[in-house]
Amino acid sequence: MTSSLPVCLIPARGGSKGVSRKNLRTIGGVPLVARSIRAALSSGVMSSVTVSTDDDEIAAVSELEGARVLRRPTAFATDEATSESVVDHFLKEFSITTGHLIMVQPTTPFLQGHDLAALAELRHTFDTGLTVCSSHVFLWRKTDRESLEGVNHHASRRQRRQDMPHEEFAENGGAYLINVAGFLTHRHRFFGRIGYVSMPTDRSLEIDTEADLRLASVLHTYHQAE
């Protein structure tokens, strides 16, 4: 059993394909990157919180919020760069080869400290983990005949939610727990036993479009009134 606290990495590049300057866009007056830093710090389970960025403004906001900043090379700040490449760069820069890492993505703005604390607890029994929300969506995919077929259900037999044989979850993009030694072996964020922390749907919104930002503003007002 590993008792040492995880390190926290927040990837936050300056560019964005779907939403311009996404990580600096605000909800409730707070930039997305700042919201993720506050969640990480309030969790009480991080040995350090580092923001990986190529952007001066994001770096300034991050330092103001109390995070350490790691300047990311341009090669790791393109649309094609993977999260795994950013994790690998972080581990190499700080010579980290053991323990656990929690990667927090700013694009799930209603992630909270207690979600991250629960994710950190998984390190005692799981190799990797992620935040999810329960899903009851009937998925379809297009066939080579331009028709549709059921993915997680039989088209000929519509099951009630309570009759589904297994509970299903949607990845909400909030945070990921990674065993560092395992990552260095597998070079991917998921391997071994995979645990999860389930978040409610109204806190699992992931920002990918301008419409998502508008919806997030509505949800923020709702959460503030709770």
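In what follows, the structure referred to is the one given above.
Since this is a predicted model, take the numbers as computed values, not measurements.

Reading the values: rules and limits
- Residues numbered from 1 in each chain as written.
- Predicted model: local features only at pLDDT ≥ 70, side-chain atom pairs only at ≥ 80, totals over all residues.
- Heavy atoms only, no water.
- Pairing = 2+ DSSP bridges.
- Helix = DSSP H or I, 4+ residues; strand = E, 2+ residues; numbered from the N terminus.
- Axes fitted to C-alpha atoms, helices over the stretch in contact; angles between N-to-C directions.
- Contact = heavy atoms within 4.5 Å.
- Parallel < 35°, antiparallel > 145°, perpendicular 65-115°, else oblique.
- Left-handed = near helix turned anticlockwise from the far one by under 90°.
- Nonpolar A, V, L, I, M, F, W, Y, C, P; charged D, E, K, R; others polar.

Asker: For the sheet that holds strand E4 (residues 48-53), give the residues involved together with the corresponding values.
Answerer: Strand order in the open sheet formed by seven strands is E5-E4-E1-E6-E10-E7-E11, and the pairing between neighbours is mixed. Because the sheet does not close on itself, it has two edges, and the strands there are strand E5 (68-71) and strand E11 (194-198). When strand polarity is set aside, the average angle formed by the axes of neighbouring strands in this sheet is 30°. As paired elements, strand E6 (residues 100-104) and strand E10 (residues 168-179) share five bridges and run antiparallel to each other. What sits directly across from Ile102, in E10, is Leu177. Across the sheet, helix H1 (residues 32-43) is in contact with strand E1 (7-11), E4 and E6; its angle to E4 comes to roughly 160°.

Asker: Describe the packing of H1 against helix H2 (residues 56-64), with residues and values.
Answerer: Where H1 meets H2, the closest approach of the two axes is 9 Å, and the angle between their N-to-C directions is 30°. Here H1 is positioned roughly parallel relative to H2, judged by the angle of their axes. For the crossing formed where H1 meets H2, the hand is right-handed. Residues Val33, Ala34 and Ile37 of H1 lie in contact with H2, whose contacting residues are Ile58, Val61 and Ser62. The class makeup of the residues in the contact of H1 with H2 is five nonpolar, one polar and no charged.

Asker: Talk me through the side chain of Asp88; I want residue IDs and the actual numbers.
Answerer: Its location among the elements puts Asp88 in helix H3 (residues 83-93). Setting aside chain neighbours within four positions, we find Asp88 in contact with Phe183, Leu184 and Arg187.

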